[in-house]
Amino acid sequence: MHATRKLWTWLAVICVLSFSVLGWVGTEIYVTAPPIPKQVVSQNGDVLFSAAQVQRGQEAWLAAGGQQLGTVWGHGSYVAPDWSADWLHREALAVREAWAQREFGKSFDHLSIGQQGGLSARLKAEMRANTYDATTGVITLSADRANSVRQVAQHYISLFGDDASLDKLREQYAMNSGSLKNPDDLQALPAFFFWSAWAAATDRPGQTDLSYTSNWPHDELVGNTPTAGTGIWSIASVILMIAAIAGMIFYHSTSKDEGDPTPPKNDPLFDLTPTPSMKATKKYFFVVVGLILAQIGMGVITAHYAVEGQSFFGFPLAQILPFTVSRTIHTQFAVLWIATAWLATGLYIAPAISGYEPKFQKLGVDVLFYALLFIVVGSTAFGWLGTLQHMGNDFSFWIGNQGLEFTSMGRIWQVLLFIGLLFWVLLLGRGLMPALKKPSESRGLIAMVFLAAMCIGGFYATSLTWGQHTHYSMIEYWRWWLVHLWVEGFFEVFATAVIALLFTRLGLIRAATANSAIILETIVFLFGGILGTLHHLYFTGTPTFVIAIGAMFSALEVVPLAMIGIEAFRNYQRSKAAPWVQAYKWPILFFISVGFWNVVGAGLLGFSINTPIALYYMQGLNMTAAHGHAALFGVYGMLGIGLMLFCLRGLSDRAVWSEKLLSPTFWLLNIGLAMMVFMSLVPSGIYQAWASITQGIWFARSPEIIHSELMETLVWMRVPGDVVFALGAIFLALFAARLLLGNKPKLPKLVPAAQARKV
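These remarks concern the structure in this document. The shown structure was predicted, so the numbers you read here are calculated from the model rather than taken from an experiment.

## Thoughts on the packing of aromatic side chains
All chains considered together, the criterion is met by 55 aromatic pairs. Pairing Phe-19 with Phe-490 gives two aromatic rings, centres 6.5 Å apart and planes at 15 degrees, and the pair type is stacked. Remark: Phe-490 occurs in helix H16 (residues 472-505) and Phe-19 occurs in helix H1 (residues 2-32); sequence separation between them is 471 residues. Just as Phe-19 is buried, Phe-490 falls in that class too. Considering the side-chain rings of Trp-198 and Tyr-212, the 5.5 Å spacing of their centres and the 35 degrees angle between planes classify their relative orientation as tilted. In this pair, Trp-198 is assigned in helix H7 (residues 183-201) and Tyr-212 in the loop between H7 and helix H8 (228-254), connecting sequence segments 14 residues apart.

This is the structure we're talking about:
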């Protein structure tokens, strides 16, 4: 007990210190973020853009699809360009070409090497010079650069408008004609793109060769190359990771392990009678299966748009389901079904653990279910409608689609979901309270489950921290609090504690051992995970120390994964501990697959892009998608399915439980995911990385690469994996339908005794 108390103390200290540092970093980002100028003017005094236009342009881009329609500073989708990189390169080419034509009377490509070298050096000086006047809030551009800015601005006005000459390019970008209908939005959009590109190439005040985005995106045309810190902290993070893994292995090899207890002769949960509130959770799991099927369907359509940007095998699907909508639903449903499975698991195990059914608990579970269903349907429908009808920036932010990846639902729906999560914490707390008050060996585990639940409910408040007019750097800061800490942090702590608690209840692990192990695992995970959030913010207009902190602590996120294989093997051994454990074979196998995908998806693929130097070249490319699919579905998805099956085991008649349907479900989902990741996403990510390293991010995201023969072939290579994966989901749906309909296997007809003797 004394050792456990010390671990709790360490956990509290680490959380307080880590969040204090993370909060301090946020204040520094706010103070040093790229300034939004009051005006952008030419040397002739002509006003190009105003601060109001920069702000409205940001809102217009988000309303048009935002991070579902390309990226800014590398965050978003992968078919359309990174607009900051695209603008920067287009503007630089336009300036250089104007000089070549005026001074030499011919195109830059036809100049001599000496002439080209002179203009290239002059271009870098022009693009990197910081002409922002902090006293007046004005950015002043040369006449040549101002003319180039007007030229590039017209390109984006035409692209997001309905200029028929750009129809082919829109099809390649998977965007529809007339993405913005309001003329004021169309005029403002280039202001935001210009500002994001200006911040990416202009030197910070008092600095040389260091832009506000730490020289991201890579583009040697304007002198954007990796900083020394990007390389140094990458090397240091790898060294730290190796040392920490060695330390963890040494610790585990020298620490005493009591081993697992002798399992009971019979299933401890066999006689568990579900309470009314436990039975009420069953409908949650059927909705989970429905959301999985919908998410996969939208994923197939979204992937196909990388080949046919506005059609699905010739059918003009984008007229009613554009890429921005299909991808929004695909990413949003992924989070929603996983979260729903975990929320329902919490509501199921609370009475099972405490042996207490609070008054009106079933009513609360039912109310929460229909509230969540209303939020899912409402946010999806209004987001879809707002995109199709172009209902404006205010509608998009408040009730439609905010245009932010994984956090796209309108603000009203976010508020309702926050209230729903707090209500879930209340229900969970009511169910667990008797067990929390009663001294027992497993009370520490139960406390961890409840604390993680409180963090899940409370930390969703970070989705409410940014407003419609918030600086883009601060939006990204708070968005990653939600996506990284909420989804990748506290949900994982919650699920890990729940699994340990379930194994304890089954008598497969010791409660005292599980108590210490879970707290220690949480310490190790949060020690790297909280400040590891900053690895998402290297190049989003943040101070350079963000690279140092993010690199070192995100490297520590990989350390716990070094022991995942041992834990997975132990879980496999536990599945063989006693004959009755076979009843939980498939939930346990899904837990084991979580370990595999944790190592592959979060570990290998995650760390392959997490160091600053790697992310410098690969941010916003398909290696990120490979990591995202393997980690999100492979870890959190498989975990959600495993928890769902465990709960359904206790809620269903054992006669309708079909092992024959679960076997293909497990293997097809895992094999299909592996095929999708390694036959398509990883090779395409490597190809894009080559393009980014050799020429720049603008090139890696250009139609020349995205729609090259090799790239489109790799997109088609997703089909076999997608088919296998979809078949696994169909088997899961058939399994759920069997439970729902209660189809029991037919018993053999009784044969009369006389006839039996005759036979």
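After presenting the structure, the write-up continues.
## Comments concerning helix H20 (residues 585-610)
Three or four residues apart is the spacing at which side chains of an α-helix point the same way, because the helix has 3.6 residues per turn. With 26 residues, H20 extends 35 Å from end C-alpha to end C-alpha; this agrees with the ideal 38 Å at 1.5 Å per step. Of all the 26 residues making up H20, 20 are buried; the element is thus mostly covered by neighbouring parts of the structure.

## Details of the packing of H20 against helix H23 (residues 659-694)
Axis separation between H20 and H23 bottoms out at 11 Å; the angle between their running directions is 5 degrees. Between H20 and H23, the angle is such that the two are roughly parallel.

## Observations concerning the environment of Gly-420
Mapped onto the elements of the fold, Gly-420 is located in helix H14 (residues 411-437). The spatial distance from the C-alpha of Gly-420 to the C-alpha of Gly-457 is 8.4 Å, given a sequence separation of 37 residues.

## A few points about empty space enclosed by the protein
Tallied over the entire structure, the rule returns five cavities of 30 Å³ or more. Of the pockets and cavities examined, the largest cavity occupies roughly 290 Å³. As for the largest cavity, its lining consists of 24 residues, of which Val-335, Leu-336, Ala-339, Thr-340 and Leu-417 are closest to the centre. Listing elements by their share of the lining of the largest cavity, those giving two or more residues are helix H10 (282-304), helix H11 (323-354), helix H12 (361-389), H14 and H16. Of all the elements, H11 adds the most residues to the lining of the largest cavity, at six residues. Of the residues belonging to the lining of the largest cavity, the class tally is 21 nonpolar, three polar and no charged.

## Points about the layout of surface pockets
Space inside the second largest pocket adds up to approximately 350 Å³. Looking at the lining of the second largest pocket, the element that brings in the most residues is H12, giving three residues. For the lining of the second largest pocket, a count of residues per class yields 11 nonpolar, 12 polar and three charged.

## Section: the pattern of salt bridges
Scanning the model with the defined rule gives 15 salt bridges in all. The salt bridge partner of Asp-46 is Arg-150, with a shortest N-O separation of 3.4 Å. Residue Asp-46 is found in the loop between strand S1 (39-42) and strand S2 (47-50), and its partner Arg-150 is found in helix H5 (residues 143-160); the two are separated by 104 residues along the sequence. With a relative accessible area of 36%, Arg-150 lands in the partly exposed category. The structure contains a network of salt bridges with shared partners spanning Arg-102, Glu-103, Arg-122 and Asp-144.

Conventions adopted
Residues numbered from 1 in each chain as written. Predicted model: local features only at pLDDT ≥ 70, side-chain atom pairs only at ≥ 80, totals over all residues. Heavy atoms only, no water. Phe/Tyr/Trp six-rings, centres within 6.5 Å; stacked < 30°, edge-to-face > 60°. Helix = DSSP H or I, 4+ residues; strand = E, 2+ residues; numbered from the N terminus. Buried < 20%, exposed > 50% of the residue type's maximum accessible area, 1.4 Å probe, protein only. Expected span 1.5 Å × (residues − 1). Axes fitted to C-alpha atoms, helices over the stretch in contact; angles between N-to-C directions. Parallel < 35°, antiparallel > 145°, perpendicular 65-115°, else oblique. 1 Å grid on protein atoms, 1.4 Å probe; cavity = no way out; pocket = protein on both sides within 12 Å on 5 of 7 lines; lining within 4 Å. Points joined across faces, edges and corners; volume = space filled by probe spheres on them. Nonpolar A, V, L, I, M, F, W, Y, C, P; charged D, E, K, R; others polar. Salt bridge = Lys/Arg side-chain N within 4 Å of Asp/Glu carboxyl O.

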